[in-house]
Structures are given as C-alpha cells and as structure tokens.
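# Coordinate analysis (summary)
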Amino acid sequence: MPASTLANPALGFVDAPVDSGLDLYAEIERLKSAKNAILLAHYYQESAIQDLADFVGDSLGLAREAANTDAEIIVFAGVHFMAETAKILNPEKTVLLPDLNAGCSLADTCPPDKFEAFCEQHPDHTVITYVNSSAAVKALSDIICTSSSAAHIIEQLPEDEPILFAPDRNLGAYLIRETGRDMVLWDGVCIVHETFSERKLLRRSAEHPDAEILAHPECRDAVLQHADFVGSTSQIRRYARDNGPATFIVATEEGILHQMEKDNPGNTLIPAPPESGCNCSQCPHMRLNTIEKLYLCLEHEAPEITMEESVRQQALVPIQRMMEMSAGIK
Ligand code: 13P
Ligand code: SF4
C-alpha cells in the first residue's frame, strides 16, 4: 500500500494500531538509521521525543539544521510552520510531521488574503514576518525572522526604512522598544505566551526573591518588563546554563525545562504561572505529536509536507534573506 494512503487526510496522522509490546524508542532509532532520516525536535515537544531527536533547538537552529542535513528524510517534531520551512529549504527531501494538525495559534491569526490586503495598505513598507506564519504569508514577505534574530535583522535596515511586522504584536512591540524603530504591527498573539500572568508572576517572584525571570518575547509587555532576560528558547536555555547554579522563573512553554534541567541540575527552575487556574503552560499544537504518531510517521513515511512549487519559491526568497542576515546569531 502506498504510504500516502495510510495518512487519512481528514485525520492528519497515520491511524494504525501500535503493538503494545513494541519498544518504540528502539524502533524509532532503527527506522531513523534504516531510512537515512533525521529527527529534528523543538523544545516544546514532550521529553521522550526530545531525547530521541538528533537535534533539539529553536526555530532558527532547526531551520539551519534542516538546510544543512544530508539525510533523505526530515522528520519534524514541531509544528506545521517549522516543517514547512524545512520543506521550503529542501524541496527534494521528504519532510514528515507526525500530526499535520499541529498548527500554531499565532500563524492562524494571519490568513494570507487578509495579510495581502494589509500589506497593500502599506505599500512602501518592508515586510518582516516572524517565522511563525504559513508558507503563503511568507511568500508575501520581504524578510523572515525568528525571535532570536529579529532585532539583529531590523538593525541592519536603514533607519528611515518603514517596516511592517507580522504576525505577533507582543514580539513586535518588544522589537519597537529594543530597536527604537516605529513599525506597523499585525494584531496576532500566541495563546500560550499571552496567558502568562503578571500578577501571579510577581507573587512567584516574591516567593523566590533571588530568582531571575527569563521570558520569551511572545509574552505581553506586562510580563516582559519584569524579565531579567528576554530571548528565544535556545537563548533562554543558554542563559540559564551559563548563569547557574541559580533559581530561574521561566516564562515560556514548559517543555524547555527538560533540556534546562539536563544542562545544569544545580539550577532551580520554576515555570511562570498562566492566568488560568491550571498551572500548565503547554502548547496544545506542539503536544499533538506523540511517540506513537512519531513511530507511525517514520514507519509509513506519512503524513508528508507538500506545497505548491510557486509558493515554495516565493517563500524561499525571504527565508534565504533571514539565513544571510542572521549569520553569527546563536
Ligand atoms: P523559538 O524560535 O524561540 O523556539 O520560538 C518558537 C515558538 O513557537 C515560540 O512560541
Ligand atoms: Fe505557536 Fe504559541 Fe505554540 Fe509557539 S507556543 S507554536 S507561537 S501556539
């Protein structure tokens, strides 16, 4: 049976029974080497998936890894826009995502037709788009950026160049403060980072007066203004590794704590509390990928990321600009 028929398009993942006696970890390792596949994972994946990955990183690190790999198959344990970016960079490779439903609430705030109309209202603006966006939105953009590279990219543009930034209004507002540039912003947010509560953060901080607050720039300004360090997931990880042993309150998706704990077991890591009663700050999209879906995806080589070649070519241009303009960024 061709692999593609196994991925019921309506489901978005391979729905087949998994033998409960199977050692999925050993099977995934076996399939990776038998198929010359690389497993790239984002920090927001469950710990077991991170432990199986050949590379765990932030959006920029993952895009770089995808661009440089010799593997024939890229299995992306992350969300759709990340796997799509890998496919844009590697049209000849098979790029798999364990569950195609693993989208991104932020990318969803920016439909391509409405974004095109927004860009047309600001025709003289350079369009800088956060990587958390669809291929169709990237295709309408001049430069793509990640949270790790955005400020560095903006600072390379002439000071009088008008900029439109999309889709994250919190990251956009942070970049305006950081770079001093007045940018037109698209009004999108991430459901995970938007929910961190300033009130509860301050209470947690009062309970741990020596703790440093580390935050992702997708958080609201009310949270970021209390942060000792603001950065991408990899940058937050590195900051804690290089500045420990110490206590850190971490305002981003809690999956990142897994690598941070391994890096420096002497650190005390406290997840920042969201506003809601539940104390979990997990991305519901990222967490759609499971070990079982990962195994089935590798076994059946499905579901696969595909896109129109014309969109891919248009989206590649601003992604390549990002790669060039991010050189030197860690
Ligand atoms: P990073 O590039 O910092 O890993 O961010 C990705 C993301 O989706 C944050 O919500
Ligand atoms: Fe998107 Fe937010 Fe999930 Fe990141 S954490 S993938 S921005 S929904």
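I will try to describe carefully the structure that is included in this document.

## Focus on the sheet that holds strand S1 (residues 37-42)
Ordered by their spatial adjacency, 4 strands build an open sheet running S2-S1-S3-S4, and the pairing between neighbours is parallel. Each having just a single partner strand, strand S2 (55-57) and strand S4 (94-96) make up the two edges of the open sheet. Across the sheet, the axes of successive neighbouring strands diverge by a mean angle of 20°, strand direction being ignored. Summarising the sheet, S1 and S2 pair through 3 bridges and their orientation is parallel.

## Description of the nonpolar core
By size, the foremost hydrophobic cluster in this structure holds 100 residues, and its most contacted members are Val75, Phe76, Phe165, Leu175 and Met260. Sequence-distant contacts of Met260, that is, excluding residues within four places in its chain, are made with Leu214, Ile236, Arg237, Ala240, Val250 and Leu269. By size, the runner-up hydrophobic cluster in this structure holds 9 residues, among which are Phe115, Leu164, Ala166 and Trp186.

## Some details on the site of ligand 1
Every residue close to ligand 1 is listed here: His42, Tyr44, Asp58, Ser59, Tyr130, Asn132, Ser147, His193, His216, Glu218, Ser232 and Thr233. Between ligand 1 and Glu218 there is a distance of 3.0 Å, counted from an oxygen atom to a side-chain nitrogen or oxygen. The separation between an oxygen atom of ligand 1 and a polar side-chain atom of Thr233 is 2.5 Å. Protein coverage of the free-state accessible area of ligand 1, which is 300 Å², stands at 96%.

## Some details on helix H15 (residues 291-300)
Across the 10 residues of H15, 8 count as buried, placing the element largely inside the fold. Taken as a whole, H15 has its buried residues at Ile291, Lys293, Leu294, Tyr295, Leu296, Cys297, Leu298 and His300. One or two steps after H15, the chain reaches Glu301, where phi turns positive at roughly 55°.

## Here we look at the pairing of S1
Most of S1 sits inside the fold, with 6 of its 6 residues counted as buried. Alternating residues of S1 divide into Ala37, Leu39 and Ala41 and Ile38, Leu40 and His42, and every residue in both groups is buried. In the sheet, S1 pairs with strand S3 (residues 73-77) via 5 bridges, with the strands oriented parallel. By the bridge assignment for S3, Ile38 is matched with Ile74. Once the chain exits S1 it traverses helix H3 (residues 47-52) before rejoining the sheet at S2, and the crossover so formed is right-handed.

Definitions and limits used
Numbers given for residues are sequential positions, taken from 1 along each chain in its written order. Chain A is the first chain written and ligand 1 is the first ligand written, with later ones labelled in order. Side-chain atom pairs in this predicted model are given and counted only at pLDDT of 80 or more, local residue features only at pLDDT of at least 70, and totals for whole chains, interfaces and linings cover all residues. Note that the side-chain values use all heavy atoms of the structure and ignore hydrogens as well as water. Strand pairing is assigned whenever DSSP identifies at least 2 bridges connecting the two strands. By the criteria applied, helices consist of DSSP H or I runs no shorter than four residues and strands consist of E runs no shorter than two, each listed in order from the N terminus. Think of each axis as a best-fit line through the C-alpha atoms, taken over the contacting stretch in the case of a helix, with angles from 0 to 180 degrees between the N-to-C directions. Among the buried residues, those of types Ala, Val, Leu, Ile, Met, Phe, Trp, Tyr and Cys that are joined through side-chain atoms within 4.5 Å form a nonpolar core. With a 1.4 Å probe rolled over the protein chains alone, any residue whose accessible area is under 20% of its type maximum counts as buried; one over 50% counts as exposed, and the rest are partly exposed. A contact between two residues is defined here by any heavy atoms of the two lying within 4.5 Å. Consider each residue's heavy atoms; a residue with any of them within 4 Å of a molecule or strand counts as near. Polar contacts here mean pairs of N or O atoms no more than 3.5 Å apart (in protein, one a potential hydrogen donor and the other a potential acceptor; neighbouring residues in sequence count only if both atoms are side-chain atoms). In short, Shrake-Rupley with a 1.4 Å probe defines the accessible areas, and a residue's cover is counted only from the protein chains shown. Assignment of crossover handedness uses the view with strands pointing away from the viewer, where a clockwise path from the first strand over the helix to the second indicates a right-handed crossover.

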